[in-house]
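The chain contents come next:
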Amino acid sequence: MKRGKFIALEGGEGAGKSTQARLLAEALQKIGQTCVITREPGGTPGAEAIRGLLLGTEGEGWHPRAEALLFAAARSDHVERLIVPALERGEWVICDRFVDSSRAYQGGGGGLSDAEVLDLHRIGSGGLLPDLTLLIEVTPAIVAQRLALRDGDQADRIGGRHADYHAAVVAAFRRFADAEPHRFARIDGDGPARAVHAAILSALGPLLP
Ligand code: Z5A
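My aim in this report is to walk through the structure given alongside it, one point at a time. (Residues numbered from 1 in each chain as written. Predicted model: local features only at pLDDT ≥ 70, side-chain atom pairs only at ≥ 80, totals over all residues. Heavy atoms only, no water.)

Side note on the side chain of D96
No. 1: When you line up the elements, D96 lands in strand β3 (residues 92-96).
No. 2: Here D96 is buried and forms no salt bridge, its nearest opposite-charge partner K17 lying at an N-O distance of 4.6 Å.
No. 3: Separated by 2.9 Å, the side chains of D96 and S18 make a polar contact.
No. 4: For D96, the residues in contact, after removing those within four places along its chain, are L9, K17, S18, T38, R39 and E40. (Helix = DSSP H or I, 4+ residues; strand = E, 2+ residues; numbered from the N terminus. Buried < 20%, exposed > 50% of the residue type's maximum accessible area, 1.4 Å probe, protein only. Lys, Arg positive; Asp, Glu negative; His and termini not counted. Salt bridge = Lys/Arg side-chain N within 4 Å of Asp/Glu carboxyl O. Polar contact = N/O pair within 3.5 Å; in protein donor to acceptor, adjacent residues only side chain to side chain. Contact = heavy atoms within 4.5 Å.)

Listed below in structure tokens is the structure:
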């Protein structure tokens, strides 16, 4: 059985990852590919429970190292129970965020070193990396408009952090993509959803059957 392809979508909050994950899954299904859409933190019952601990706004929140460990624990369960089995069945896995989010948020924004985040990933998830990571980049003013329309003034624990934190996250993603151009495709996310989808299909070209 040919192993499936593992695609991650990354970017700041409101970049359009979930919208693009759905459009990509529809496009793959139309050409006869079986695919699983999933998300992080989450994707399995255990990881969804950890998501509630991480993003809920009750209580004082987590120390940065505890937060990084919780993301790595959720990912470990997700990789072991959902992602690897689906890839081994030959399916596509489309994942809304993966380890580069931990590198950008707990590393770039949260103060852990990149090596520490990658160590946690090696221990928890065998260092698994996507076949391609689509980094969706959107101008901050456009993101702010989209989030205001969608969420009003509601934010989760991480989304509600200061603008400087989110700017550091976006800068970290850009650095990762520049450092590993073979692993990332940078996608301009400013335009209409269908135009962004077309750019994603073109970036995926070499992986498509
Ligand atoms: N986090 C972390 O710190 N460390 C980690 O390791 C991981 C995650 C894995 C998860 O939040 C939080 O956890 C996240 C990072 C942190 N916090 N922050 N910031 P989440 O899963 O609840 O949310 P998110 O991942 O940040 O995504 P999101 O806010 O749901 O946005 P999105 O999926 O990128 O965008 P969307 O839902 O597709 O689109 C947002 C809105 O814009 C929506 O109303 C769409 O209809 C609209 N939209 C989308 N595309 C377009 C275009 N092209 N034009 C116009 N309007 C559009």
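Concerning the pattern of salt bridges
No. 1: Per the stated rule, a full pass over the model turns up 16 salt bridges.
No. 2: Residue R183 pairs with D100 through a salt bridge whose shortest N-O separation is 3.0 Å. Taken as a pair, R183 in the loop between α7 (163-179) and β5 (184-188) and D100 in helix α4 (residues 99-109) lie far apart in primary sequence, 83 residues in all.
No. 3: The partner of D151 in a salt bridge is R150, with the nearest N and O atoms 2.8 Å apart.
No. 4: Ionic contacts of the salt-bridge type, sharing partners, join the residues D100, R103, D114, E180 and R183 into one network.

As for the nonpolar core
No. 1: Grouped together as the largest cluster of nonpolar side chains are 21 residues, with contacts concentrated most on I94, L134 and I200.
No. 2: For this core, the secondary-structure elements that each account for two or more residues are β1 (6-10), α1 (17-30), β3, β4 (132-137), α6 (140-151), β5 and α8 (193-204).
No. 3: Looking at which element gives the most residues to this core, the answer is α1, with four residues.
No. 4: Among the nonpolar cores identified, the runner-up in size contains 18 residues, and I50, L70, I158 and A177 belong to it. (Core = buried A, V, L, I, M, F, W, Y, C linked by side-chain atoms within 4.5 Å.)

Regarding the site of the ligand
No. 1: Close to the ligand lie 27 residues; K17, S18, T19, R97 and S102 are nearest.
No. 2: Between an oxygen atom of the ligand and a main-chain N or O atom of A15, the distance comes to 3.1 Å.
No. 3: The contact in question runs from an oxygen atom of the ligand to an N or O atom on the side chain of R75, over 3.0 Å.
No. 4: For the ligand, whose unbound accessible area comes to 1100 Å², protein coverage reaches 83%.
No. 5: Elements supplying a minimum of two residues to the shell around the ligand: α1, α2 (45-55), α3 (64-88), α4 and α6.
No. 6: Considering every element that reaches the shell around the ligand, the biggest residue donor is α4, with four residues.
No. 7: In the shell around the ligand, the residues fall into eight nonpolar, ten polar and nine charged. (Near = heavy atom within 4 Å. Areas by Shrake-Rupley, 256 points an atom, 1.4 Å probe, with all protein chains shown as cover. Nonpolar A, V, L, I, M, F, W, Y, C, P; charged D, E, K, R; others polar.)

Focus: the environment of I50
No. 1: The topology assignment puts I50 in helix α2.
No. 2: Among the residues examined, I50 registers a relative accessible area of 16% and is labelled buried.
No. 3: For the pair I50 and A74, spaced 24 residues apart in sequence, the C-alpha to C-alpha distance is 6.2 Å.
No. 4: Setting aside anything within four residues of it in sequence, one finds I50 in contact with L70, A73 and A74.

What to know about the packing of aromatic side chains
In this description, an aromatic ring pair is defined by two values, namely the gap between the centres and the angle between the planes.
No. 1: Considering all chains together, one arrives at four aromatic pairs under this definition.
No. 2: Between F6 and F98, the aromatic rings sit 4.9 Å apart at their centres with planes inclined by 80 degrees, giving edge-to-face as the arrangement. Of this pair, F6 sits in strand β1 while F98 sits in the loop between β3 and α4, and the two are 92 residues apart along the sequence. The exposure classification of F6 matches that of F98, with both residues buried.
No. 3: With centroids separated by 6.3 Å and ring planes inclined at 75 degrees, the aromatic side chains of Y105 and F173 adopt a geometry described as edge-to-face. Of this pair, Y105 sits in helix α4 while F173 sits in helix α7, and the two are 68 residues apart along the sequence. Here the two residues Y105 and F173 agree in accessibility, since each one is buried.
No. 4: Clustering of aromatic rings is evident, with ring pairs tying together Y105, Y165, F173 and F176. (Phe/Tyr/Trp six-rings, centres within 6.5 Å; stacked < 30°, edge-to-face > 60°.)

Any functional reading would require information that these geometric values do not contain.
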